[in-house]
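Structural features, examined
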Amino acid sequence: MSLAHGRPYLAIPGPSVMPDAVLRAMHRASPNIYEGAIVEMVAGLIPDLRYVAQSVAAKVAIYIANGHGAWEAALANVVGEGDRVLVPATGRFAHGWAEMARGLGAEVELIDFGTKSTYDPERVAEALRADTGREIKAVLASHVDTATSIRNDLASLRAAMDSTGHPALLMADCVASLGVEEFRMDDWGVDIMVSASQKGLMVPPGLGFVFFNEKAEARRTEMTRVSRYWDWVPRGKPDFFYEYFGGTAPTHHLYGLRVALDMIREEGIEQVWNRHAVLARAIWAAAEAWGQGGPLTLNVADRGLRSHAVTALRLGKPYGAQLRKWCETEAGVTLGIGLGMTEPEDPMGTGFFRLGHMGHVNAHMILGLLGVIEAGFVSLDIPHGQGALGAAAAEIAKG
């Protein structure tokens, strides 16, 4: 007997659960894109996007693109063919951004820190000190790697970079973290930040964002050529409405974004960060309890390095695939696949899975998610420790 009927729960690390208010805002006829209310509405989005990024001065370029498009947009404005970039990698998505840079003709120096630990800022500093010719134009760093669930310390990375006196830009991938994790663009010295709409911002996939400061703008002026579509200059300071988007506006995404930003403002960004931290700790407590009597392990052992947006777990083959299938077909809950996580005996990574806990989530959703997972363990006879739900509830109770 399947109990999957009713409202499904997509517990993957993006696209995240979309609020009904966002969906209602998008369910309307197309507006006039040349004048009228939407022009004023979009101008009002920019200061609220800055608020989420905790920046008072950064300019914001909005692209009709996913996070990969935002990666390319950011690179296209500051990295030319033959330029060098430095990439400290802590999972699949740092490698992906590096691949994007190579595709634009950049030379990539990649320092791979594996899939279970953060990067060592001093090793990044050493690489910058060795660049006596100042050929490295940027350091590309993920705040949260969505595949490994590692949360990196961008402020420490900035401090290490500053200790070298190297002029390289700090570029941060915050696709998984913006609107979830504490992020302070100005205070942490991030020059360029990229994100997208479908995770902490609670809007369907389709909008990419590039935030950039004055140092990044100065680097843009040194570029001999930038694609007209990716060029952030007209998008960051448009003379005409169409320049925000390089053409037709993504109208319905913008309506949804307006509501999502209102929700974040109403809750308060620091409370948003705190809510995600509490819910993440509840998931960790349950997973740690399950692991006491079975094969489940969290990918990141150190709690201080775990993301508050996504949790990557190893259950082993064949249990991982079995659990994901059971949760979806029998209970209506979709767990995320393992991504970039493989073992010799499991080359497809089917023994891994991920939980997304970002955006429009609350205590009862997380406790329900954990209850379904435990039911799956019982139904499938997967060995597991006891007391997981109680441990999670205790974390929720502490707040």
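Residues numbered from 1 in each chain as written. Predicted model: local features only at pLDDT ≥ 70, side-chain atom pairs only at ≥ 80, totals over all residues. Heavy atoms only, no water.

Looking at an unreviewed UniProt entry, one finds the protein chain named Alanine--glyoxylate aminotransferase family protein and attributed to Alloyangia mangrovi. The annotation that UniProt attaches to the protein chain under Cofactor (unreviewed entry) is "pyridoxal 5'-phosphate". (UniProt positions renumbered as here; feature names shortened; annotations may be inferred.)

1. Examining the overall build of the protein chain
From N to C terminus, the protein chain includes 13 helices and twelve strands. In summary, the protein chain has a C-alpha radius of gyration of 21 Å against a globular reference of 21 Å for 399 residues, a match within 12%. Burial statistics for the protein chain: of 399 residues in total, 56% are counted as buried. Restricting to contacts in the protein chain with at least 6 residues of sequence separation, those with at least 24 account for 72%. Total accessible area on the protein chain stands at roughly 16000 Å², and carbon and sulfur atoms take up 53% of it. With 36 positive and 45 negative side-chain charges, the protein chain shows a separation of 1 Å between the mean positions of the two kinds. (Helix = DSSP H or I, 4+ residues; strand = E, 2+ residues; numbered from the N terminus. Rg over C-alpha atoms; globule rule 2.2 N^0.38 Å. Buried < 20%, exposed > 50% of the residue type's maximum accessible area, 1.4 Å probe, protein only. Contact = heavy atoms within 4.5 Å. Areas by Shrake-Rupley, 256 points an atom, 1.4 Å probe, with all protein chains shown as cover. Lys, Arg positive; Asp, Glu negative; His and termini not counted. Charge placed at Lys NZ, Arg CZ, Asp CG, Glu CD.)

2. Points about the packing of aromatic side chains
Under the definition given, this model contains eleven aromatic pairs. Seen in terms of ring centroids, F241 and Y244 are 5.9 Å apart; in terms of plane orientation they differ by 70 degrees. Their pairing is edge-to-face. Judged on exposure class, the residue F241 and its partner Y244 are both buried. What makes Y244 buried here is its relative accessible area of 13%. Taken together through their ring pairs, the aromatic side chains of Y63, Y229 and W230 make up a single cluster. One Lys or Arg, R28, reaches over the ring of Y255 and ends 3.8 Å from the middle of that ring. (Phe/Tyr/Trp six-rings, centres within 6.5 Å; stacked < 30°, edge-to-face > 60°. Lys NZ or Arg CZ within 6 Å of the ring centre and 35° of its normal.)

3. Some thoughts on the sheet that holds strand β1 (residues 9-11)
The mixed open sheet is built from five strands, whose spatial order is β1-β11-β12-β10-β9. Whereas interior strands pair on both sides, the edge strands pair on one side only; in this sheet they are β1 and β9 (297-298). As judged from the two bridges shared by strand β11 (residues 333-337) and strand β12 (residues 352-356), these two strands associate in the antiparallel manner. From the neighbouring strand, I337 faces β12, where its bridge partner is F353. Strands β11 and β12 of the sheet are contacted by helix α11 (residues 319-331), whose axis makes an angle of about 155 degrees with β11. (Pairing = 2+ DSSP bridges. Axes fitted to C-alpha atoms, helices over the stretch in contact; angles between N-to-C directions.)

4. Details of the pairing of strand β8 (residues 207-212)
Within β8, six of the six residues are buried, which leaves it mostly tucked inside the rest of the structure. Here β8 shows two buried faces, one formed by L207, F209 and F211 and the other by G208, V210 and F212. Looking at chain direction, strand β2 (residues 59-64) and β8 are connected through six bridges and run antiparallel. Paired with Y63 across the bridge in β8 is G208. Here strand β7 (residues 192-196) pairs with β8 via five bridges, running antiparallel. If you follow S195 over to β8, its bridge partner there is F209.

5. Some details on the UniProt feature "domain: Aminotransferase class V" (unreviewed entry) in the protein chain
UniProt tags residues 61-283 as "domain: Aminotransferase class V" (unreviewed entry). The annotated region residues 61-283 carries 40% helix and 17% strand content, and the separation between its end C-alpha atoms amounts to 35 Å.

6. As for the nonpolar core
In this structure, V42, L178, F183, V190, M193 and F211 are the most contacted members of the largest nonpolar core, which totals 58 residues. In contact with L178, other than residues within four places in its own chain, are V52, A53, F183, M193, S195, G200, L201 and F211. Formed by 34 residues, the second largest nonpolar core is a distinct cluster that contains Y9, L296, L369 and F377. (Core = buried A, V, L, I, M, F, W, Y, C linked by side-chain atoms within 4.5 Å.)

7. What to know about the sheet that holds strand β6 (residues 169-173)
Read across the open sheet, the seven strands follow the order β2-β8-β7-β6-β5-β3-β4; overall the sheet is mixed. Both edges of this open sheet fall to β2 and β4 (107-112), since each of them pairs with a single strand only. Averaged over neighbouring strand pairs, the angle between their axes works out to 20 degrees when direction is ignored. Alignment of strand β5 (residues 136-142) against β6, held across five bridges, turns out to be parallel. In the strand pairing of β6, A141 is matched with A172.

8. Considerations on the side chain of T148
In this fold, T148 is placed in the loop between β5 and α6 (154-164). A polar atom in the side chain of T148 sits 3.0 Å from the backbone oxygen of T90. (Polar contact = N/O pair within 3.5 Å; in protein donor to acceptor, adjacent residues only side chain to side chain.)

9. Description of the environment of V139
Considering the arrangement of structural elements, one finds V139 in strand β5. On the basis of relative accessibility, which here comes to 0%, the residue V139 falls in the buried class. Between the C-alpha atoms of V139 and R354, which are 215 residues apart in sequence, the distance is 27 Å. Other than its neighbours up to four places away in sequence, V139 contacts L86, P88, V124, L128, L157, M161, A168, L169, L170 and M171.

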